[in-house]
Amino acid sequence: MTATALVRDVWSFPYLILVSVAVRVALILYSEWHDARSLVKYTDIDYRVFSDAAAYLLHPGPGAANHAQGPLKNWFGIDLLFGDPYTRETYRYTPLLALLLAPNEWLHPSFGKYLFAACDIVNGILIYRLLLTVILPATLGSAKDGVHRDIKKLAIKYTAIHLLNPMVFSISTRGSSESVLCLFVLLTLHAALTKRWRVAAVLLGVSTHWKIYPGVYGLACLGVIGSVQSRPTWKTYFTCLVQWQTISFGLMSLFTFVSLGVGCFLIWGEPFLQETYLYHLHRLDHRHNFSPYFYLTYLTYPQPLNSTNEALQVAKWEAILRSPLVSFVPQMVLTLGSGLLFGHKGDLVFAWFVQTSVFVVFNKVCTSQYFLWYLLFLPLLLPSLNMSRWKGFALVTVWATVQGLWLSEGYQLEFMGSNVFFNLWVRGLIYVVGNCWVLSGIMDAYKKCG
């Protein structure tokens, strides 16, 4: 066997999966060893929150404390055996996540990490299947023997970008649940790209229940379902949204989302609505994060007012600036507008990538975990981009550099205690500008390819 043949055989898809699994298992085992010996933990603090919420859910009490507060018992006299995961402060997720991590209590404390890592692997398999059956055949043409071999090789290469991405496997093995959400989103995309719109509608409802932002994908889906071949005008944009197929898709997705929400509300009551959804609408996070909004929130964070006059003065102008709803205006205009525009052109992968990128960049709170939301689509989008290696290198460099600039200043604030809030805000602005430039470069490369 020649060296070339050996490399070709080694870098098969099963081998890629094997390496990806080994990396994740090794990191989870390392996290247990590291956390037992170091004050600075490898495990994300959110994982402890998830685990505590699961424990509260499984063990109601003592006494009248920590019981599910939903109206099901009062209305139907059903004695609920569930505890309240929202007894755990800062747990602001669907109770289904706490239920999913119940084995952390009775099987192994790292069960959730293995589950999140497994979702990573399944995501990679879905990406590979989409590349092999939908994305690459549309890009390369008919599947003759030679072309089919090229498709398999390219599918493995693009899938490796996800499975072997250090950001992807480090976040899941540290105990972040983003891979579960990514799985729901990819399943929705898979159903949509294979024209199973009813399945896609249900999965979109599930995804939106899990975390609210995938709901913005619905507009792009409506654009694809109702797309017409005529030259787009405002009238055609409107008419594509108002037809039986689009209405049925929207109603089915909404029904799924509402059904899950009503079910959780009946069991866990008002805390479910407040912590899972409403909290994120009025959230004021003055702690540092990539979003430039944090500094304005930090400067105007609610403090005790000394007099009625001061309260009236604040109410006149600062109330508007302090409102977290203000940040939704540019974010939603760009996110929903891009979904309608690019969904109407018929490419869901590109539309969802642009929507997610805009949503994350202009979100009022942004951490590194949010980057996974749009990086998920990158392996599926790359075959449709036409750019030189130097342009690609420049985009990656700028994307990494603006994060590095922010992180270096964030280190000074968080670990050294330096007063660098203003400098961090400036770097947050650089982060926004840099990411917008990167996104514009990707959109330009896609336009040229089209």
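The rules behind each value
Residues numbered from 1 in each chain as written. Predicted model: local features only at pLDDT ≥ 70, side-chain atom pairs only at ≥ 80, totals over all residues. Heavy atoms only, no water. Helix = DSSP H or I, 4+ residues; strand = E, 2+ residues; numbered from the N terminus. Buried < 20%, exposed > 50% of the residue type's maximum accessible area, 1.4 Å probe, protein only. Contact = heavy atoms within 4.5 Å. Areas by Shrake-Rupley, 256 points an atom, 1.4 Å probe, with all protein chains shown as cover. pLDDT = per-residue confidence, 0-100. Phe/Tyr/Trp six-rings, centres within 6.5 Å; stacked < 30°, edge-to-face > 60°. Lys NZ or Arg CZ within 6 Å of the ring centre and 35° of its normal. Axes fitted to C-alpha atoms, helices over the stretch in contact; angles between N-to-C directions. Parallel < 35°, antiparallel > 145°, perpendicular 65-115°, else oblique. Left-handed = near helix turned anticlockwise from the far one by under 90°. Nonpolar A, V, L, I, M, F, W, Y, C, P; charged D, E, K, R; others polar. Expected span 1.5 Å × (residues − 1). Core = buried A, V, L, I, M, F, W, Y, C linked by side-chain atoms within 4.5 Å.

S.K.: I would appreciate a short explanation of the overall build of the protein in the present structure.
M.R.: When helices and strands are counted, the protein shows 23 helices and zero strands. When burial is assessed residue by residue, the protein has 48% of its 450 residues classed as buried. Pairs at least 24 residues apart make up 74% of the contacts formed inside the protein by residues separated by at least 6 positions. Surface exposure of the protein reaches about 22700 Å², of which carbon and sulfur atoms provide 67%.

S.K.: Any chance you could explain the confidence of the model for the protein here in plain terms?
M.R.: In low-pLDDT segments, the atomic positions of the prediction should not be examined closely. Confidence in the prediction for the protein averages 85 pLDDT; 83% of positions are at 70 or higher. In the model, residues 1-7 has pLDDT below 50 throughout and makes two contacts with residues more than four positions away in sequence or in other chains. Predicted confidence for residues 304-308 stays below pLDDT 50, and this span has three contacts to residues more than four positions away or in other chains.

S.K.: In this structure, what is going on with the packing of aromatic side chains? I would like to understand it.
M.R.: The description of two aromatic rings rests on the distance between their centres and on the angle between their planes. Counted by the stated rule, this structure contains 29 aromatic pairs. The interplanar angle of 35 degrees and the centroid separation of 5.7 Å between the aromatic rings of Tyr213 and Phe359 together place this pair among those described as tilted. In this pair, Tyr213 is assigned in the loop between helix H11 (197-210) and helix H12 (217-225) and Phe359 in helix H19 (residues 348-361), connecting sequence segments 146 residues apart. Under the relative-accessibility criterion, Tyr213 is labelled buried at 4%. A residue is classified by how much of its surface remains accessible, and Phe359, at 9% relative accessible area, is buried. Both rings, one in Phe353 and one in Tyr374, keep their centres 6.2 Å apart while their planes meet at 90 degrees; by these two values the pair is edge-to-face. Of this pair, Phe353 sits in helix H19 while Tyr374 sits in helix H20 (residues 371-375), and the two are 21 residues apart along the sequence. By relative accessible area, Tyr374 is classed as buried at 6%. The ring of Tyr279 has Arg92 sitting right over it, with the charged end atom 4.0 Å from the ring centre. Between the NZ or CZ atom of Lys157 and the centre of the ring of Tyr158, over which it lies, the distance is 5.3 Å.

S.K.: Help me understand the side chain of Thr188 in this model?
M.R.: Summarising the element assignment, Thr188 is placed in helix H10 (residues 178-193). For Thr188, a relative accessible area of 1% gives the class buried.

S.K.: Got a minute to help me understand the environment of Ile17 in this structure?
M.R.: Tracing the backbone shows Ile17 in helix H2 (residues 13-35). When its relative accessible area of 16% is taken as the criterion, Ile17 is described as buried. The spatial distance from the C-alpha of Ile17 to the C-alpha of Thr159 is 9.8 Å, given a sequence separation of 142 residues. For Ile17, the residues in contact, after removing those within four places along its chain, are Ile121, Ile125 and Leu163.

S.K.: Where do I start with the packing of H2 against helix H9 (residues 166-173) in this structure?
M.R.: How two helices pack is summed up by the angle between their axes together with the distance between the axes. Here H2 crosses H9 at 45 degrees, and the two axes come no closer than 9 Å. Between H2 and H9, the interaxial angle falls into the category oblique. The crossing of H2 and H9 is right-handed. Residues Val23, Arg24, Leu27 and Ile28 of H2 form the contact with H9, whose own contacting residues are Val168, Phe169, Ser172 and Thr173. Classifying every residue of the contact of H2 with H9 gives five nonpolar, two polar and one charged.

S.K.: Can you help me understand H11 in this one?
M.R.: For an α-helix, the turn length of 3.6 residues means that residues three or four places apart are oriented alike. Taking 1.5 Å as the rise per residue, H11 with 14 residues should run 20 Å; its terminal C-alpha atoms sit 20 Å apart, in good agreement. The buried fraction of H11 is high, at ten of 14 residues. Those residues of H11 not exposed but buried are Trp197, Ala200, Ala201, Leu203, Leu204, Gly205, Ser207, Thr208, His209 and Trp210. Buried residues along H11 sit against helix H5 (95-100), H10, H12, helix H14 (244-268), helix H15 (270-281) and H19.

S.K.: It is not clear to me how the nonpolar core should be interpreted in this structure. Could you clarify?
M.R.: The nonpolar side chains of a soluble globular protein tend to be buried, and buried together. Of all hydrophobic cores here, the largest spans 108 residues; its most connected members are Leu189, Leu348 and Trp352. Setting aside anything within four residues of it in sequence, one finds Trp352 in contact with Val185, Thr188, Leu189, Tyr217, Ala220, Cys221 and Phe377.

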